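Overview (structure and organization)
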Amino acid sequence: MTRVGDLSLSGLAALLADGRFAVQTGSLVSRIQTALPDVARSIHVLYAHHPCSAAPDFADFHVRLERPCNLRRWLRPQAEFVIDGERPFEPLPRDQAPAFLEWGLNWSIAASCHQWLTIHAASLERHGRAVILPAPPGSGKSTLCAALALRGWRLLTDEMSLIDLQTTAAYALARPINLKNASIDLIRSFAPAGVWGPETYDTAKGRVTHLRPPVDSVERMLKPAAPRWIVFPRYVAGSEPLLTPRGKAPTFIHFARNAFNYSQLGALGFAVAGRLVSQCDCYDFSYSRLDDALEVFDWLADGGKMNGDEI
Amino acid sequence: MPDAGRFLIHRWADGCAVFDQASGDTHALDSASFAGFAADLNGQSAVVAIDAALRAEWPEKADAEIALLAQGCWQRLEACGLIQAGN
């Protein structure tokens, strides 16, 4: 099996330019075409552990990152994301192209992968059981996800949890973790050996970059996990860690409102979301220090359970 | 009386969710509202069921307050199309 890191950068760039490069993330294969050198460098770094192939017979997505064929090719240059010949987004500044690839792939999964219930949430696995971390932007979800992935939890996904419609098992993508602003510096300090993609500035989210997933997360990315906990994290500066049980009914309603394809799935989405909530212990969790958060999640993984009391 | 097969239901200790297969809508119901909805599905009086559920949940509340809460439950069920006016 060839991995992206087995290719030289020039070899990868050539495959990308010819549109013959495909990378596997979880069970999904994305065929990527681009002549943009910074995108090639980003893929070479962030997907180094991922399996890849040249001109596969099948790919779930066919995407291109390219410069527009107008004045914006040169004047305040931009990049465009193209999927299956369509341009679902407005162009972005040229220097955001590597991040644009990641965001575009996120959208592609959310828009079309209806073989799962796709939830806007991170998910990680420990001892065969998964924790799902739903949270709105700015709640510290990705920061917490990165910390857990770097400290013994297997990353399934940092952005889109994939729930099997029959078994409610959580499936992995093991893609790079998107971090922004202060969380970048926090995780750099937390894990100095982390491998990072390029930083992009002045995006709609501020300063953003991506963290390469741990090699174990990629090597085991085809192995699903049984969801066991749903934890809504919230970063509160200066706070002590606080884990409180959360009602299943409001948790379900959150999924009904925030799952990308709940409406498309109709009754099936209702059934799956309900089973998922029923089988999990649901919590709210506020924290300020990552070490505190890790301790709480380790406690959960070791069998900790609350019945209406706070810790 | 609505067709019970039209609705899918998840129930938990702290509430329930109802999926209306006719409209594709999902509704969250508190205990009293669900009691009224379920009674109506079974051909029983929703008003009586809502009242009984509220009194069980709030034994200390006065009749007038219970009536007000019951009216709220009824209006929400009606607005969601989960109950027919006059039932």
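Residue indices begin from 1 for each chain and proceed along its sequence in written order. Here chains are named by letter from A upward and ligands by number from 1 upward, in the order in which they appear as written. Two thresholds apply to this predicted model, a pLDDT of at least 70 for residue-level local features and 80 or more for giving and counting side-chain atom pairs, whereas whole-chain, interface and lining totals are computed over all residues. Side-chain metrics rest on all non-hydrogen atoms present in the structure, leaving aside hydrogens and water.

Here we take up the packing of helix α1 (residues 31-41) of chain B against helix α2 (residues 46-57) of chain B. Residue and element names in this part refer to chain B. With their axes 8 Å apart at the nearest point, α1 and α2 run at an angle of 150° to one another. When the axes of α1 and α2 are compared, the pair comes out roughly antiparallel. Note that α1 runs across α2; the crossing there is right-handed. Counted together, Ser 31, Ala 32, Ala 35, Gly 36, Ala 39 and Asp 40 of α1 and Ala 46, Ala 49, Ile 50, Ala 53, Leu 54 and Glu 57 of α2 form the full contact between these two elements. Only the stretch in contact is used when fitting a helix axis, every axis being a line fitted to C-alpha atoms; angles between N-to-C directions are given from 0 to 180 degrees. We count a stretch as a helix when DSSP gives it H or I for four or more residues in a row; a strand needs E for two or more, and each element gets its number in order from the N terminus. Relative orientations are named as follows: roughly parallel for angles under 35 degrees, roughly antiparallel for angles over 145 degrees, roughly perpendicular for angles from 65 to 115 degrees, and oblique for any other angle. By the definition used in this description, the sense in which the near helix is turned from the far one sets the handedness, with an anticlockwise turn below a right angle giving left-handed and a clockwise turn giving right-handed. We call two residues in contact when some of their heavy atoms are within 4.5 Å.

Below, the discussion takes up helix α2 (residues 37-46) of chain A. Relative accessible area decides the class of each residue, using a 1.4 Å probe on protein chains only: under 20% of the type maximum gives buried, over 50% gives exposed, and in between gives partly exposed. Listing the buried residues of α2 of chain A in full gives Asp 38, Val 39, Ala 40, Ser 42, Ile 43 and Leu 46 of chain A. Elements that come into contact with the buried residues of α2 of chain A comprise α1 (9-18), β1 (21-25), β2 (28-34), α3 (97-112) and β14 (206-211) of chain A.

With that out of the way, let us pick up a nonpolar patch on the surface. All names here are of chain A. Nonpolar side chains collect at one region of the surface, where Leu 71, Trp 74 and Leu 75 lie side by side and expose about 400 Å² of accessible area between them. As for its position among the elements, Trp 74 is in the loop between β4 (61-66) and β5 (78-83). The exposure class of Trp 74 is exposed, given its relative accessible area of 63%. Residues enter a patch when their relative accessible area is above 30% and they make no salt bridge; the linking distance is 9 Å between like charges and 5 Å between nonpolar side chains (Val, Leu, Ile, Met, Phe, Trp, Tyr). Computed with a 1.4 Å probe, the accessible areas rest on the Shrake-Rupley method; for each residue, only the protein chains presented here act as cover. Salt bridge criterion: a side-chain nitrogen from Lys or Arg within 4 Å of a carboxyl oxygen from Asp or Glu.

Quick look at helix α9 (residues 267-279) of chain A now. Here α9 of chain A spans 18 Å end to end across 13 residues, near enough to the 18 Å set by a 1.5 Å rise per residue. Restricting attention to buried positions, one finds in α9 of chain A the residues Gly 269, Phe 270, Val 272, Ala 273, Gly 274, Leu 276 and Val 277 of chain A. To estimate the expected span of a helix, count its residues, drop one, and scale the result by 1.5 Å.

To continue, consider the interface of chain B and chain A. Between chain B and chain A, the contact holds 13 residues from the first and 15 residues from the second. What gets called buried area is simply the loss in accessible area from a 1.4 Å probe that two parts show on being joined, summed for both. Overall, the association of chain B and chain A removes approximately 970 Å² of surface from exposure, summing both partners, and the carbon and sulfur fraction of that is 76%. Across the contact surface, chain B and chain A share 0 salt bridges. Polar contacts here mean pairs of N or O atoms no more than 3.5 Å apart (in protein, one a potential hydrogen donor and the other a potential acceptor; neighbouring residues in sequence count only if both atoms are side-chain atoms). Our count for the contact surface shared by chain B and chain A stands at 5 residue pairs in polar contact (both at pLDDT 80 or more). The set of elements that each furnish at least two residues to the side of chain B that touches chain A consists of β1 (7-12), β2 (15-20) and β3 (25-29) of chain B. Each residue gets one label: Ala, Val, Leu, Ile, Met, Phe, Trp, Tyr, Cys and Pro are nonpolar, Asp, Glu, Lys and Arg are charged, and the others, such as Gly, are polar. Each residue belonging to the side of chain B that touches chain A can be placed in one class, and the counts come to 8 nonpolar, 4 polar and 1 charged.

Residue and element names in this part refer to chain A. Just so you know, the domain bounds were taken from an automatic or database domain assignment. Splitting chain A by domain gives domain 1 (4-112) and domain 2 (116-175 + 213-301). Summarising the inter-unit geometry, the C-alpha centres of domain 1 and domain 2 are found 27 Å apart. With 15 residues of domain 1 in contact, the opposing surface of domain 2 contributes 16 residues. Regarding the contact of domain 1 and domain 2, the summed buried area is about 1300 Å², with carbon and sulfur atoms giving 67% of it. Ranking the residues of domain 1 by area buried against domain 2 places His 49, Ile 109 and Ala 110 at the top, with a combined share of 36%. Counting across the interface, domain 1 meets domain 2 through 1 salt bridge. Salt-bridge contacts for Glu 102 lead to Arg 175; the nearest nitrogen and oxygen are separated by 2.9 Å. The tally of links from domain 1 across to domain 2 stands at 5 residue pairs in polar contact (both at pLDDT 80 or more).

What follows deals with the sheet that holds β2 of chain B. All names here are of chain B. The pairing criterion is simple: DSSP has to find at least two bridges between the two strands. Strand order in this open sheet of 3 strands is β1-β2-β3, and the pairing throughout is antiparallel. Taken across any chain shown, the strands that pair with only one partner, and hence form the sheet edges, are β1 and β3. Here the average twist between neighbouring strands, direction ignored, is 15°. Note: β1 against β2, 6 bridges, orientation antiparallel. Bridge pairing links Phe 7 to Asp 20 in β2.

Looking now at the pairing of strand β15 (residues 226-235) of chain A. Residue and element names in this part refer to chain A. In the sheet, strand β8 (residues 129-134) pairs with β15 via 4 bridges, with the strands oriented parallel. Each residue of the ladder has a partner; that of Val 131, found in β15, is Trp 229. In this structure, β15 lies alongside strand β17 (residues 281-287), joined through 7 bridges in parallel fashion. Across the sheet, the residue bridging to Ile 230 is Cys 282, located in β17.

All names here are of chain A. With respect to burial, β17 is a largely interior element, 6 of its 7 residues being buried. In this sheet, β17 lies alongside strand β16 (residues 242-245) in antiparallel orientation, the contact comprising 4 bridges. The partner of Pro 245 across the bridge, within β17, is Tyr 283.

In this section: the side chain of Asn 261 of chain A. Along the polypeptide, Asn 261 of chain A turns up in the loop between α7 (248-258) and α8 (262-265). A relative accessible area of 0% means that Asn 261 of chain A is categorised as buried.

The next point concerns the sheet that holds β5 of chain A. Residues and elements named next belong to chain A. Overall, mixed pairing links the 6 strands, which are arranged β3-β1-β2-β4-β5-β6 in an open sheet. Two strands lie at the open edges of the sheet, namely β3 (52-54) and β6 (92-93), each paired on one side alone. Bridge analysis of β4 against β5 gives 4 bridges, and the strand direction is antiparallel. The partner of Arg 64 across the bridge, within β5, is Val 82.

Moving on, we get to the layout of surface pockets. All names here are of chain A. Using a 1 Å grid laid over the protein atoms alone, points where a 1.4 Å probe fits but cannot get out form a cavity; open sets with protein on both sides within 12 Å along at least 5 of 7 lines form a pocket; any residue with an atom within 4 Å of a point counts as lining. Grid points are joined across faces, edges and corners, and a volume is the space filled by probe spheres set on the points. In this structure, the largest pocket spans a volume of roughly 480 Å³. Lining of the largest pocket is provided by 22 residues; of these, Gly 138, Gly 140, Thr 143, Lys 180 and Ser 183 occupy positions nearest its centre. Within the residue set of the lining of the largest pocket, elements represented by two or more residues are α4 (141-149), β12 (177-180) and α5 (182-190). Here the lining of the largest pocket is built from residues that sort into 8 nonpolar, 10 polar and 4 charged.

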